[in-house]
Amino acid sequence: MNLEEAIQNSWRRIDEGQVATYIPALADVDPYQLGVYLFNIKDNKRVCAGAAQTRFAIESVSKVISLLYAIEHLGLTTVNQRVGTRQTGFAFNTILNMEITRETKPLNPFVNSGAIVISSLITEENGQSPVDQLLAFTRKICHDPQVSLNEEIYQSEARTGDMNRSLAYYLKAKGTLTRSATSSLETYFKQCSFMVTCESLANLGAVLANDGVAPWDGERIVSSAAATYAKSVMMTTGLYTESGTYSVRIGVPTKSGVGGGLVAAAPNYGIGIFSPALDQAGNSIAGLDLLERLSQQLHLDIFKY
Ligand code: DON
């Protein structure tokens, strides 16, 4: 597999997308970046190319980590009672589905409403704030002690996050939030501002691909059930309204973030990709093009059996 060549080919698609501008600090990011890190857990081989060590905001990829953390701490049944596993058919920040269907529980953990509820479930423990717990868990599951909160991005998210604020207050009014709207939002905005690399996301993908066990030292980080649950929801809703499109084209459980990150958990592979120019749904254009090439060349499509 020639990663450099794959990057060059996918690079051509960058111009079709745009960096996220609704979070001002993300609007300043150079769109012309593409990086990939591939962790083969069977052969314990790691390869990377392009902007693989560049740090970027994790954004919605953090929803996979908070989901796993909540499942580990509260159990699958409680998490599933609070947040569903259904497609919304609407954008990631939609409020419409709950209004139309008169649902009080968000349809899935990857739309913002669901992610805010998941974050609200994490409460202070042994003097550790929810954000401190999530940061420690992110460093562990990404095998990256350098993950840290970018204060500028957090402030930018918090200043302009009125849509998320409306979701949180709506959820609070419906009795779905267990903490206050403001403290739930603080956790959510902060977890989105954690800075990662393609390598960190490849490690996260590798833990999921390895049934919840860290391939680097054999420690179980999450239960098999949590890993399976997360991958199933990534497959069905990880790329929002385009999840079906990429399920057919790529066939690998994947989660995107508006910082341009993608984490994928494929048979035998954890994959991290970064390219900040996004499609209309908020997914990395060149990143998904690259993942499609990898899927074809390495036979990663889980539906081709
Ligand atoms: O709340 C937001 O809108 C962002 N902090 C995260 C959204 C996001 O990454 C959606 N993913 N593609």
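Residues numbered from 1 in each chain as written. Predicted model: local features only at pLDDT ≥ 70, side-chain atom pairs only at ≥ 80, totals over all residues. Heavy atoms only, no water.

Trainee: How would you summarise the site of the ligand if you had to cite specific residues and measurements?
Mentor: Taken together, 15 residues are adjacent to the ligand, and Tyr22, Glu59, Ser60, Glu157 and Tyr188 come closest. Glu59 is positioned such that a nitrogen or oxygen atom in its side chain is 2.6 Å from a nitrogen atom of the ligand. Summarising the interface, the protein chains cover 99% of the accessible area of the ligand, which totals 340 Å² for the free molecule. Its residues assigned to classes, the shell around the ligand comprises seven nonpolar, six polar and two charged. Counting contributing residues, the shell around the ligand receives three or more from each of domain 1 (3–57 + 195–300) and domain 2 (60–192). (Near = heavy atom within 4 Å. Polar contact = N/O pair within 3.5 Å; in protein donor to acceptor, adjacent residues only side chain to side chain. Areas by Shrake-Rupley, 256 points an atom, 1.4 Å probe, with all protein chains shown as cover. Nonpolar A, V, L, I, M, F, W, Y, C, P; charged D, E, K, R; others polar. Domains from an automatic or database assignment.)

Trainee: Describe in detail the environment of Val111, supporting the description with residues and values.
Mentor: When you line up the elements, Val111 lands in the loop between helix H5 (96–101) and helix H6 (112–121). Val111 sits in the buried class, given a relative accessible area of 1%. C-alpha of Val111 to C-alpha of Met235: the two residues are 124 residues apart in sequence and 14 Å apart in space. Leaving out residues up to four positions away in the same chain, Val111 has contacts with Lys63, Thr88, Ala91, Phe92 and Tyr240. (Helix = DSSP H or I, 4+ residues; strand = E, 2+ residues; numbered from the N terminus. Buried < 20%, exposed > 50% of the residue type's maximum accessible area, 1.4 Å probe, protein only. Contact = heavy atoms within 4.5 Å.)

Trainee: Tell me what's going on with the domain arrangement of the protein, and back it up with residues and numbers.
Mentor: Accessible area lost upon the coming together of the parts serves often as the stated size of an interface. Here the protein is partitioned into domain 1 (3–57 + 195–300) and domain 2 (60–192). Look at where the C-alpha atoms of domain 1 and domain 2 centre, and you get two points 20 Å apart. Counting residues at the interface gives 41 residues for domain 1 and 39 residues for domain 2. For the pair domain 1 and domain 2, the summed buried area comes to about 3,300 Å², and 70% of that belongs to carbon and sulfur atoms. (Buried area = accessible area lost by both parts, 1.4 Å probe.)

Trainee: Describe the nonpolar core, and please don't skip the residues or the numbers.
Mentor: Within the largest apolar cluster, 63 residues are counted, with the highest numbers of intra-cluster contacts made by Leu68, Ile141 and Leu204. If near-sequence neighbours (up to four positions away) are discounted, Leu68 is found in contact with Phe137, Ile141, Leu204, Leu208, Val222, Ala226, Ala227 and Ala230. Formed by 25 residues, the second largest nonpolar core is a distinct cluster that contains Ala49, Tyr246, Ile271 and Leu290. (Core = buried A, V, L, I, M, F, W, Y, C linked by side-chain atoms within 4.5 Å.)

Trainee: Before we move on, can you summarise helix H9 (residues 162–173) with the specific residues and values?
Mentor: With 12 residues, H9 should cover 16 Å at 1.5 Å per step; its first-to-last C-alpha distance of 16 Å lies within 8% of that length. Taken together, the buried positions of H9 are Asn164, Leu167, Ala168, Tyr170 and Leu171. Angular distribution of buried residues about the axis of H9 spans 160 degrees; they occupy a single face of the element. Following H9 by one or two positions, Gly175 has its phi on the positive side, about 80 degrees. (Expected span 1.5 Å × (residues − 1). Arc of directions from axis to C-beta.)

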